[in-house]
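Each chain is listed here by its residues.
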Amino acid sequence: MDFLQRTVVVEDMVQYKLFLLQPDGSDVTEERLTHLAEEILVKFAPLLVQYIWQNQPFNLTYHSEKGGVPAHIGGSTQFGENVEDEWFIVYLLLQITEAFPELAARVEDNDGEFLLIEAADYLPKWLNPDSSQNRVFLHRGEVHILPCPSKFSTVGFSKDVVPSLSQALAELCSHPHVCQASPKICSALKKRLKGYPEKIKTGLHQAHCFIPAGIAMVLAQRPQLVAHAVSAFYLRDPVDLQACRSFKIFSPETRVLTSVTFTRCLYAQLLQQQFTSDRRSGFTLPPHSHPQYRAHELGMKLAHGFEILCSRVRLPSSEPDAPISCNPQWKRFLESLKKNDYFQVCLSFGMLKSHEREAVYPTPKHPVSALTIALSPGEEILLLMQNGHPLNLEELKEREQQLPQEDDDSWLEITAQDLDHLLQERTGGRRKGEMEHIKNEECGYSLIAVSQGMKKFLDTMSSHEGAEVPWDGSRQSFNFDPNSMASALERLLGNEMEELDSDDLDDDDESDKEREEETSGDTEQNGTETLNDLRSYMDQMDEELMSTKIGQSFTVTVNVFLILRDCSSLNCSLFWEEIRPLDLDVNLVTNLLESLSCQAGLAGPASNLLQSLGINLPANSDPS
C-alpha cells in the first residue's frame, strides 16, 4: 500500500467531498455540480442559519478533477476545540445524501476514517486503517462500506487492494444495497448523532453581558461573529493586548446590558479564563458579590476580543491615534464599494428573509459572499459599524428591561453520578452490565476467577497483530499430558545430540534403509538420556533458585505436591519427585493483589490487565 497516496488533513479540520454518481460518468460537469451546491445550501439554510461555528462554517465549492479524484463539490472546516462542529457536518452530509440520492459523500479528518472509530466494536475483522482507504461513503442517508468478495458475492475489492475513487464510486453506484454497512455500524453512528437537529438549539447558551453599544449593533446583524471574538480573546498574546490598553473603537463608556448567544463551548472558554484588564482600558468590574458581576466580566472579555479583531486590520495612517474610519486607505476602499454598487446589493440582500439570506451567503459567485469571504472578521466588523444604523443609546437602554432570561449554566458542573450516566450512554449496555457484575462480585467474590482468566488468556492463540482479549465467560480445563510433553522435548532436543564429524560426512555409500534402521534403534535410548539430562538440569536450577531471594519470594503449599503425587499413574512422579512444589495460582493472585495495592486505587498495569480480561476486583476496604 502506498501511504503517500493518503491525503494529509490538518489537525482539528474535517474535509468532505460530494460526488455525483453516474453509471457512465456523463453529466458530471461544473455547471451541474455548482447548481447542486446552490440547491443544497438553499434547502438546508434553516439549519445553517441557526448554527454558530467555532472557527469556520460549512461550505461547498466546485473542485475539478485532480490527482485521481473525480470532479466534485466539497470543502473543509476547521472546528478547533468544538468537536460538535465536525459531527454536525456528518449529520448534514447524511441529510444531503438522503435528499439527493444521486450524491455520495466522503468525510475524514486527521484521524482518517473517524466514522469507523465510532463503530469500532462492530467492524469486520478485515477492515482496518490500512484496508479502509476509499471504501467508506455516506449514501442515501446511511453508511456504506465497500465489502470484500466472498463465496456468496463477488461484489467489492480484496482487502489487499486499494480501489481508486472512480472504481469505488462505480461499485457503489452499481451495488448500493450490497455495500450498505451492517445495522450495528449504522446504529452506532446514529447513536452518536442522536438529538439533531434539536441539538443545535440545546447546544446554545444565552447570557447577559455588559458590552459597548457598537458590539451590540454588530451582533444584532451578525451573531456568528461572537465566535471569532471569543477565539481572539481565548488565543490572545501580548501584542494583541497592546491594542486593548486604550479602546479606540469600542469605548467602555457606551456599555449596555444585552443578551448574547454563545455555543456552550464558547461560553465555557470565555467564562473559565481568569483575566484582569489594563487600568488604562477603562473597564472596571463591580465587587464579586454584585448580582451582575458575571455580566460585567463576560462583557469585558468579549469587548477585548472584538477590539483585538479590529486591531488586526493593518491600514497605514498619517495620524497614529486617529480612528480607523478616518484612514485614507479605508476611505478609498469604501468609495470603491460604492462605485461598484456594493451597498445597493447589500440593501436588496438585507431585505430577504433570514433563511434566504443565509442560503446565498456561502455561494462563491454571489457578489456579497465573494466580498464577505475575502474580508477578515475585523474588516467585516468595521464595515458593519461604518454602514450600520446610527447608535441610539437611549433605545438600547430601554431594551435592557425586556431582555430574555439567562440560560442555566449548571451544565458546567458534572457530578460523579452524571459522569457514570454519560459513560453508560457512551458504552451502552456493556457498561451497565459491567457495573452490575461489579456489584455482584463485591457481594461474594472468588479469586479463582482471576487465575482462571489469566490461564485462558495465556492459552489463547493470537496472530501477529496482537493478543485478542477473551470476553466470553467460558472456561477451559487445564490438561497436562506428560507423553505429549516428552514427545515435544524429544523433537526439540532429541535424536541429534552429538555433532557429526568429517568421517560421517564422507560415508556416502550408506543406504537410506540402513540409516532408518539405525535411527529407529537409537530412538528409545536417546529419549531416555534426554529426560535424564533434563532432570539433572532442573534439579540444579531448583537448588540455585531456592538459595536466592527469588526462591524465597514464592508461596509454597502442600496441595500442589499432593496433586502431583496423584499423577504417578501418568509416569510423572519421578519427574517432579525432588522438586519443591509451588502453588502457581496463589503466587499469581498474590502478585496481582500486591500490584493493585501499589496503584492506590488509580489506573495501572494490573487493573488494566484484569479489566481487559473482564475481571473487576472490588475496592480495597482495608486501610492497612
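Just so we're clear, the structure is a prediction, and the values are computed from it rather than from any experiment. (Residues numbered from 1 in each chain as written. Predicted model: local features only at pLDDT ≥ 70, side-chain atom pairs only at ≥ 80, totals over all residues. Heavy atoms only, no water.)

J.: Explanation requested: the overall build of the chain in the structure shown.
T.: A tally of helices and strands in the chain yields 30 helices and 8 strands. Taken over 624 residues, the chain has a buried fraction of 37%. Here the contacts in the chain between residues at least 6 apart in sequence split such that 76% fall between residues at least 24 apart. For the chain, the accessible surface area stands at approximately 37800 Å², while carbon and sulfur atoms represent 52% of it. (Helix = DSSP H or I, 4+ residues; strand = E, 2+ residues; numbered from the N terminus. Buried < 20%, exposed > 50% of the residue type's maximum accessible area, 1.4 Å probe, protein only. Contact = heavy atoms within 4.5 Å. Areas by Shrake-Rupley, 256 points an atom, 1.4 Å probe, with all protein chains shown as cover.)

J.: Mind showing me how you'd approach the packing of helix α13 (residues 293-311) against helix α18 (residues 377-387) here?
T.: Helices that pack against each other are described as a pair by the angle of their axes relative to one another and the distance between those axes. Axis separation between α13 and α18 bottoms out at 7 Å; the angle between their running directions is 100 degrees. By the angle between their axes, α13 is roughly perpendicular relative to α18. Seen from α13, the contacting residues are Phe-306, Leu-309 and Cys-310; seen from α18, they are Pro-377, Gly-378, Ile-381 and Leu-382. When the residues that make up the contact of α13 with α18 are grouped by side-chain class, the tally is 6 nonpolar, 1 polar and no charged. (Axes fitted to C-alpha atoms, helices over the stretch in contact; angles between N-to-C directions. Parallel < 35°, antiparallel > 145°, perpendicular 65-115°, else oblique. Nonpolar A, V, L, I, M, F, W, Y, C, P; charged D, E, K, R; others polar.)

J.: Honestly, the pairing of strand β4 (residues 103-108) in this entry has me stumped. Any pointers?
T.: Note on strand geometry: in a regular strand, side chains alternate between the two faces of the sheet. In terms of residue burial, β4 counts as a mostly covered element, since 6 of its 6 residues are buried. Of the two faces of β4, the one holding Leu-103, Ala-105 and Val-107 and the one holding Ala-104, Arg-106 and Glu-108 are both buried throughout. As paired strands, strand β1 (residues 13-20) and β4 are joined by 6 bridges and run antiparallel to one another. Following the sheet pairing, Lys-17 is matched in β4 by Arg-106. Pairing between β4 and strand β5 (residues 136-139): 2 bridges, direction antiparallel. (Pairing = 2+ DSSP bridges.)

J.: Explain helix α22 (residues 448-459) here, please?
T.: An α-helical turn contains 3.6 residues, so a residue and the one three or four places further along point in the same direction. Between its first and last C-alpha atoms α22 spans 17 Å; for 12 residues at 1.5 Å apiece the expected length is 16 Å, and the two agree. Of the positions making up α22, those classed as buried are Val-450, Ser-451, Gly-453, Met-454 and Lys-456. (Expected span 1.5 Å × (residues − 1).)

J.: Would you take a moment to explain the sheet that holds β5 for this structure?
T.: The strands making up a sheet are joined through hydrogen bonds of the backbone, oriented either antiparallel or parallel. Strand order in this open sheet of 6 strands is β2-β3-β1-β4-β5-β6, and the pairing throughout is antiparallel. A single partner strand is all that each edge strand has here, and the edge strands are β2 (61-63) and β6 (142-145). Ignoring which end each strand starts from, the neighbouring axes of this sheet average 35 degrees apart. Sitting on the sheet, helix α1 (residues 30-43) is in contact with β1, β2, β3 (72-78) and β4, with an inclination near 50 degrees to β3. Contacts from helix α3 (residues 84-99) reach β1, β3, β4, β5 and β6, with the element oriented near 5 degrees to β1.

J.: Please clarify how a nonpolar patch on the surface should be interpreted in this entry.
T.: The grouping of Ile-414, Leu-419, Leu-422 and Leu-423 at the surface amounts to a nonpolar patch, some 340 Å² of accessible area in total. For Leu-419, the position within the fold is in helix α20 (residues 416-427). Looking at Leu-419, the relative accessible area reads 45%, which means it is partly exposed. (Patch = residues over 30% accessible without salt bridge, like charges linked within 9 Å, V, L, I, M, F, W, Y side chains within 5 Å. Salt bridge = Lys/Arg side-chain N within 4 Å of Asp/Glu carboxyl O.)

J.: Explain the packing of aromatic side chains to me, please; I cannot follow it from the model alone.
T.: Given two aromatic rings, one states the distance between the centres and the angle between the planes to describe the pair. Taken as a whole and assessed by the stated rule, the structure comprises 13 aromatic pairs. Between the aromatic rings of Trp-87 and Phe-114, the centroid separation amounts to 5.3 Å while the plane-to-plane angle is 85 degrees, which identifies the pairing as edge-to-face. Highlighted residues: Trp-87 in helix α3 and Phe-114 in helix α4 (residues 114-118), separated in sequence by 27 residues. Take Trp-87: its relative accessible area is 6%, and that puts it in the buried class. (Phe/Tyr/Trp six-rings, centres within 6.5 Å; stacked < 30°, edge-to-face > 60°.)

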